Amino acid sequence: MVKNPVRSEGDAFLRACRGEPAAHTPVWFMRQAGRSQPSYRRLRETHTLMEIVRDPRLAAGVTVSPVEDLGVDAAILFSDIMVPLEPMGVAFEIREGVGPIVADPIRTAAQVARLVELDPARDVPYVLEAVERAAASLAVPVIGFAGAPFTLACYLVEGGPSRGYIEVKRFMWSQPDVFRALMEHLTRNMQAYLAAQAAAGARALQVFDSWVGALAPDDYEAHVAPHMARLFAGLRHVPTLAFGVGTSGLIEAIARTGPAVVGLDWRVDLAVARDRLGADRPVQGNLDPAVLLAPWARVAEAARGVLARNGARPGHIFNLGHGVLPETDPAQLQRLVALVHEETRAATHEGEQTS
Ligand code: CP3
């Protein structure tokens, strides 16, 4: 196969972020670096998650390895959404199998006022160096990321993972001005953090609003959307991706906040979502991560279903609706990447010839 130097395989992801046709549908996975990988599990026998994150060589190595192991079209920085909170004055630990636990949950105006401003170069130089190192050794783009203000606020106010998010909702409704101050602090600082990652070599930026699907549409509009709009408006020089779970009722509102790409989880039909958003809005998703635990024939069928729902529309980044489950066999991920590439190569070439 002759490679087109302009449309090289390395830029399929960025082309899709811009809504342009690509040589194949790009694919990467959230949590592609993690416990599904034997090499990561071996590294975790001798290092904690935070030790890996704070060592740029190790973090860059973990960032790069899924590109080599799986053949994905993008790498995501190996870090965690909680990392920039520590220099802001928030003590936390990440408990295995549970998630982040915040020592002193935020419930008062005084606690919000005590939050420190993040200076990325001074406070998290290891993150920026990990981005630089990974970008230097990869032909595919490195995606930088941050937690979205609401999802970070969930951890800060709840103090840890939550089922109903009732404490953050109680806080949002009973102290709306203090909640707004918290969201403003997080928005301003995550914008600086994301811009620093882009300056270090991240070619796209994903904002993880994992728990925003807990909100009613009116609450999303009133308490979250204005902050997201400000966040994305400050990051216009790099493609941005908005990610959330359980957001079927929010995708139009999320799109209006201005990300280049809207993430979809598996609870929404991708064809319906693309119709709702307009065909020119790029989307990312949306295979159920649990499907990868099924026999390969079911994985292939489900993946073909996602591709068929997209049809030949450009601007589709294939991904899971949430992160890779630790129980996933990496061989299934590898076959999935190959299937997405093979099944979309011919279709997009045809599309290009007729357009
Ligand atoms: O490959 C990648 O996706 C990049 C690395 C990455 C991690 N966390 C590493 C990690 C990314 C993008 C994140 C973001 C993150 N962290 C989110 C948003 C995405 C999502 O999953 O919704 C959230 C909510 C967190 C908070 C967090 N950190 C959780 C819920 C957990 C899981 C706890 C567990 O043990 O299951 C973590 C820990 C964490 N962050 C792991 C990894 C690979 C688990 C593995 C480990 O402990 O080594």
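Here the structure is a predicted model, which is why all the values come from computation and not from measurement.

Engineer: For this particular structure, what's the right way to read the side chain of S210?
Structural biologist: Topologically, S210 is positioned in the loop between β5 (204–209) and α11 (217–233). Not counting chain neighbours up to four residues away, the residues in contact with S210 comprise T151, F243, G244 and V245.

Engineer: Can you walk me through the pattern of salt bridges in this structure?
Structural biologist: Two side chains carrying opposite charge are able to pair once their charged atoms lie near each other. Throughout the structure, instances matching the rule amount to 19 salt bridges. As a salt-bridge pair, R122 and D123 come within 2.8 Å of each other at their nearest N and O atoms. Bridged by salt links that share partners, the residues R15, R18 and E20 form one connected network.

Engineer: Help me understand the packing of aromatic side chains, please; the structure alone is not making it clear to me.
Structural biologist: Describing an aromatic ring pair means giving the distance of the ring centres and the angle of the ring planes. Taken as a whole, this structure holds five aromatic pairs when the rule is applied. Taken together through their ring pairs, the aromatic side chains of F145, F208 and F243 make up a single cluster.

Engineer: Sorry, what's going on with the site of the ligand here?
Structural biologist: Around the ligand, the structure places 27 residues, and the nearest of them are R31, Y40, R44, G97 and S210. The contact in question runs from an oxygen atom of the ligand to an N or O atom on the side chain of S210, over 2.4 Å. About the coverage of the ligand: the protein hides 93% of its 860 Å² of free accessible area. Mapped by element, the contributors of at least two residues to the shell around the ligand are α2 (38–46) and β3 (99–102). Residues belonging to the shell around the ligand are distributed by class as follows: 15 nonpolar, seven polar and five charged.

Engineer: Would you take a moment to explain the nonpolar core for this structure?
Structural biologist: Inside soluble globular proteins, nonpolar side chains tend to come together where they are buried. Counting residues in hydrophobic clusters, the biggest one holds 126 residues, and the most contacted among them are F13, F29 and L336. Ranked by the residues each element gives to this core, the list is headed by helix α10 (residues 176–199), at 10 residues. The residues touching L336, leaving out its near neighbours within four places in the chain, are F29, L287, L292, W296, V299, A303, F318 and L320.

Engineer: What exactly am I supposed to notice about the sheet that holds strand β4 (residues 142–147) here?
Structural biologist: Pairing between the strands of a sheet comes from backbone hydrogen bonds, and it takes one of two forms, parallel or antiparallel. Spatially, seven strands are ordered β1-β4-β5-β6-β7-β8-β9 in an open sheet, and the strand pairing comes out parallel. The open sheet has two edge strands with one neighbour each: β1 (75–76) and β9 (316–320). Against the sheet, α11 engages β5 and β6 (240–244), with an angle of about 165° to β5.

Engineer: Please explain the packing of helix α13 (residues 270–277) against helix α14 (residues 296–310) as it appears in this structure.
Structural biologist: Any two packed helices are characterised by how steeply their axes cross, that is the angle between the axes, and by the distance between the axes. Following both chains from N to C, one finds α13 and α14 inclined at 25°, their axes separated by 7 Å at the closest point. The pairing of α13 with α14 is recorded here as roughly parallel in orientation. α14 is crossed by α13, and the crossing has right-handed handedness. Packed against α13, whose contacting residues are L270, A271 and R274, the element α14 presents V306, R309 and N310 at the interface. For the contact of α13 with α14, the per-class residue count stands at three nonpolar, one polar and two charged.

Engineer: Hey, could you run me through the pairing of strand β8 (residues 283–287) in this one?
Structural biologist: Taken residue by residue, a regular strand's side chains alternate between the two faces of the sheet. Taken across its five residues, β8 has five buried, putting it largely inside the fold. Bridge count for β8 against β9 is five bridges, and the pairing is parallel. Looking at β9, one finds that G285 is bridged to F318. Read as a crossover between parallel neighbours, the route from β8 over α14 to β9 is right-handed.

Criteria and cut-off values
- Residues numbered from 1 in each chain as written.
- Predicted model: local features only at pLDDT ≥ 70, side-chain atom pairs only at ≥ 80, totals over all residues.
- Heavy atoms only, no water.
- Helix = DSSP H or I, 4+ residues; strand = E, 2+ residues; numbered from the N terminus.
- Contact = heavy atoms within 4.5 Å.
- Salt bridge = Lys/Arg side-chain N within 4 Å of Asp/Glu carboxyl O.
- Phe/Tyr/Trp six-rings, centres within 6.5 Å; stacked < 30°, edge-to-face > 60°.
- Near = heavy atom within 4 Å.
- Polar contact = N/O pair within 3.5 Å; in protein donor to acceptor, adjacent residues only side chain to side chain.
- Areas by Shrake-Rupley, 256 points an atom, 1.4 Å probe, with all protein chains shown as cover.
- Nonpolar A, V, L, I, M, F, W, Y, C, P; charged D, E, K, R; others polar.
- Core = buried A, V, L, I, M, F, W, Y, C linked by side-chain atoms within 4.5 Å.
- Buried < 20%, exposed > 50% of the residue type's maximum accessible area, 1.4 Å probe, protein only.
- Pairing = 2+ DSSP bridges.
- Axes fitted to C-alpha atoms, helices over the stretch in contact; angles between N-to-C directions.
- Parallel < 35°, antiparallel > 145°, perpendicular 65-115°, else oblique.
- Left-handed = near helix turned anticlockwise from the far one by under 90°.
- Right-handed = clockwise from strand over helix to strand, strands pointing away.

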